[in-house]
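Below, each chain spelled out in residue letters.
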Amino acid sequence: MSCAQGRRPRAPRPPSRAWQYFRVKYVVIILGGASDLPCEVLGARTPLEAASLPNLTRLAARGRVGLACTTPQGAEPSPARSVLSILGYDGATLPGIAPLEALARGVDLRATDIACHLHLLSTPLDGPEAGRITDTAPRGLGPRESAALLASLLEHWRRTLGPSAAALQILPQHRAPHLLIDASGQSHDSLHTAPPAAIAGHAWKDHLPTGVGVETLRQCVESSIAYLSTHEINIARVEQSLPPANLAWISEAGTFPKLLPFTQRFKARGVIFAEDESVAGAGIAVGLDRLPLFCGLPDDPRGYTALAESIGDALHSTDLVVCHIDDCREAAHQANPQRKADILEAIDAALVGPVVAAMEDAFGDASRRDGAEGWRILIMPDCGSSSETCDDLPDLVPFVMAGAWVRSVVERAFSEAAAAESDLTIDPVQDLMEYFLRSGLASARVR
């Protein structure tokens, strides 16, 4: 988890606000890609089964374990869509995640603006592979080269594509994908764009953007290859036997998502901690405030201890704290299930344990002690991630819910297999947030 360096400053706790709706405090910890398939190297167990997770085990024993379908039907697994669904919204309505990343990066999008991912790909101009995408991440292409290519390309588009290109803006990122903003105000509908990974090895002309109002976007892609192929950077790359970055590819296009704010839908105010820009944007889109992550100290390299402290502090001034950690997914994409299990153990020890202890100390058990505010916690993956194929999985994922008024007759472990044996399945997952916030609160406990 890369984040701000150094220990975060310990600010004084803000006073409680009279407008808070719930006495109960809520925490949602989303473990990106934590769910997996059994791995031979782990003795035919999943990382959740192989890891020693005493704090999660205790939560599962005292709370409820179930399954949830976090990937909307017909959609590709995506952390942003899954998190949006976990927060109680229909992730299937999100045409592309680029607008969420734009939100997280502070881009002021209008309702008619289109935000897109912009990738620099490689395709031969001649030979047997001509017209096919041969490299989705051209080797040796650094951020300075990318920024220079994109700046030149934007000038080319504005010179050659007419008035519609005047409203285009490219926001280069240190790591791909970059962002392309179309602020022309054209009417758009039924946008469909293909991600590079899905069309690698295929003819790019067969997968151009489709939908109403995508003419400019299609022209951007089609005109990029001739211009970029003759750019001095790509000429130098070819001379060095490196693949040229000669195709600007657009994907994940969409407009600003129109979503009912979380405070109106659930009568609760919340914050989100997330490194993934699309996930942070999902939180911002529903009205959650994004708070910074801190890490980098020798005794807390991943920042889990600092995150636990930040969650504890935030709970004194808000109703709900959501945090998303993507380290398990990174380990899965490196085909390293043992590292994934080690990360889960670190999260259990440095984050889950301290957060639960802090909530018990600060807010007590409202179901057993009058006057206690009480707390609830929900822990689950956003979607699965295979350590063998290095792909995200659309399968059902386990969740554990514990805290005030959450009880189960049968004690279960927190794992894929144990959750599959439960009689609690939430499908679609957007129903889970209502269940998490309301179930068992017969009097609603509204202030």
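Residues numbered from 1 in each chain as written. Predicted model: local features only at pLDDT ≥ 70, side-chain atom pairs only at ≥ 80, totals over all residues. Heavy atoms only, no water.

Break down the sheet that holds strand β5 (residues 168–171) for me, citing the residues and quoting the values.
With antiparallel pairing, four strands are arranged side by side in an open sheet as β5-β6-β4-β9. Sheet topology places β5 and β9 (247–255) at the edges, where each strand pairs with a single neighbour. Taken over all neighbouring pairs, the strand axes of this sheet differ in orientation by 25° on average, direction set aside. Of the strands in this sheet, β4 (114–121), β5, β6 (178–182) and β9 are in contact with helix α5 (residues 143–160), which crosses β5 at around 180°. Sitting on the sheet, helix α7 (residues 215–229) is in contact with β4, β5, β6 and β9, with an inclination near 160° to β9. (Pairing = 2+ DSSP bridges. Helix = DSSP H or I, 4+ residues; strand = E, 2+ residues; numbered from the N terminus. Axes fitted to C-alpha atoms, helices over the stretch in contact; angles between N-to-C directions. Contact = heavy atoms within 4.5 Å.)

Requested: an account of the packing of helix α2 (residues 54–62) against helix α13 (residues 337–363), with residues and values cited.
One can describe the packing of α2 onto α13 by two numbers: an axis separation of 8 Å at closest approach and a directional angle of 45°. The orientation of α2 with respect to α13, classified from their angle, is oblique. On α13, the residues that touch Pro54, Asn55, Leu56, Leu59 and Arg62 of α2 are Asp348, Ala349, Val352, Gly353, Val356 and Glu360. By residue class, the composition of the contact of α2 with α13 is six nonpolar, two polar and three charged. (Parallel < 35°, antiparallel > 145°, perpendicular 65-115°, else oblique. Nonpolar A, V, L, I, M, F, W, Y, C, P; charged D, E, K, R; others polar.)

Tell me about unusual backbone geometry, and name the residues and values.
Cis geometry is adopted by the peptide bond preceding proline 428, which originates at aspartate 427 and carries an omega value of 10°. One can find proline 428 in the loop between β18 (425–426) and α15 (431–438). For glutamate 252, which is not glycine, the phi dihedral falls at a positive 55°. Within the secondary structure layout, glutamate 252 lies in strand β9.

Please give an account of the pattern of salt bridges that cites residues and values.
Enumeration according to the criterion identifies 15 salt bridges in this entry. A salt bridge links aspartate 382 to arginine 329; the nearest nitrogen and oxygen atoms lie 2.8 Å apart. Of this pair, aspartate 382 sits in the loop between β14 (375–380) and β15 (384–385) while arginine 329 is found in helix α12 (residues 327–333), placing the two residues 53 residues apart along the sequence. Between arginine 329 and aspartate 392 there is a salt bridge, with the nearest N and O atoms lying 3.2 Å from each other. Note that arginine 329 is positioned in helix α12 and aspartate 392 in strand β16 (residues 392–393), a separation of 63 residues in sequence. Note on aspartate 392: relative accessible area 21%, which makes it partly exposed. The structure contains a network of salt bridges with shared partners spanning Glu101, Arg105, Glu277 and Arg290. (Salt bridge = Lys/Arg side-chain N within 4 Å of Asp/Glu carboxyl O. Buried < 20%, exposed > 50% of the residue type's maximum accessible area, 1.4 Å probe, protein only.)

Provide a residue-level description of the packing of aromatic side chains, including the pertinent values.
Tallied over the full model, the rule gives two aromatic pairs. Relative to phenylalanine 436, the ring of tyrosine 26 lies with its centre 5.3 Å away and its plane at 70°, an arrangement referred to as edge-to-face. Placement of tyrosine 26 in strand β2 (residues 25–31) and of phenylalanine 436 in helix α15 is noted, with a sequence separation of 410 residues between them. The same class applies to tyrosine 26 as to phenylalanine 436, namely buried. Ring geometry for phenylalanine 262 and phenylalanine 266: centres 4.7 Å apart, planes at 45°, overall tilted. Note that phenylalanine 262 and phenylalanine 266 are positioned in helix α9 (residues 262–266) at a spacing of four residues, about one turn of the helix. Take phenylalanine 262: its relative accessible area is 0%, and that puts it in the buried class. A cation over an aromatic ring shows up here: arginine 265 above the ring of tyrosine 89, its NZ or CZ 4.9 Å from the ring centre. (Phe/Tyr/Trp six-rings, centres within 6.5 Å; stacked < 30°, edge-to-face > 60°. Lys NZ or Arg CZ within 6 Å of the ring centre and 35° of its normal.)

Give me the lowdown on the confidence of the model for the protein chain, citing residues and values where you can.
Confidence in the prediction of the protein chain, expressed as mean pLDDT, is 89, and 93% of residues score 70 or more. The secondary-structure element of the protein chain with the lowest mean pLDDT is strand β1 (residues 4–5), recorded at 52, while strand β13 (residues 320–325) shows the highest, at 98. Within the model, the stretch residues 442–447 combines pLDDT values under 50 with 15 contacts to residues more than four positions away or in other chains. (pLDDT = per-residue confidence, 0-100.)

Just give me the short version of the sheet that holds strand β11 (residues 289–290), but keep the residues and values in it.
Pairing within the open sheet is mixed, and its eight strands lie in the order β11-β10-β13-β2-β14-β17-β3-β18. In this open sheet, the two strands that pair with only one neighbour each are β11 and β18. Examined bridge by bridge, strand β10 (residues 270–274) and β11 share two bridges and lie parallel to one another. By the bridge assignment, isoleucine 272 is partnered in β11 with arginine 290. Contacts from helix α10 (residues 277–285) reach β10, β11 and β13, with the element oriented near 175° to β10.

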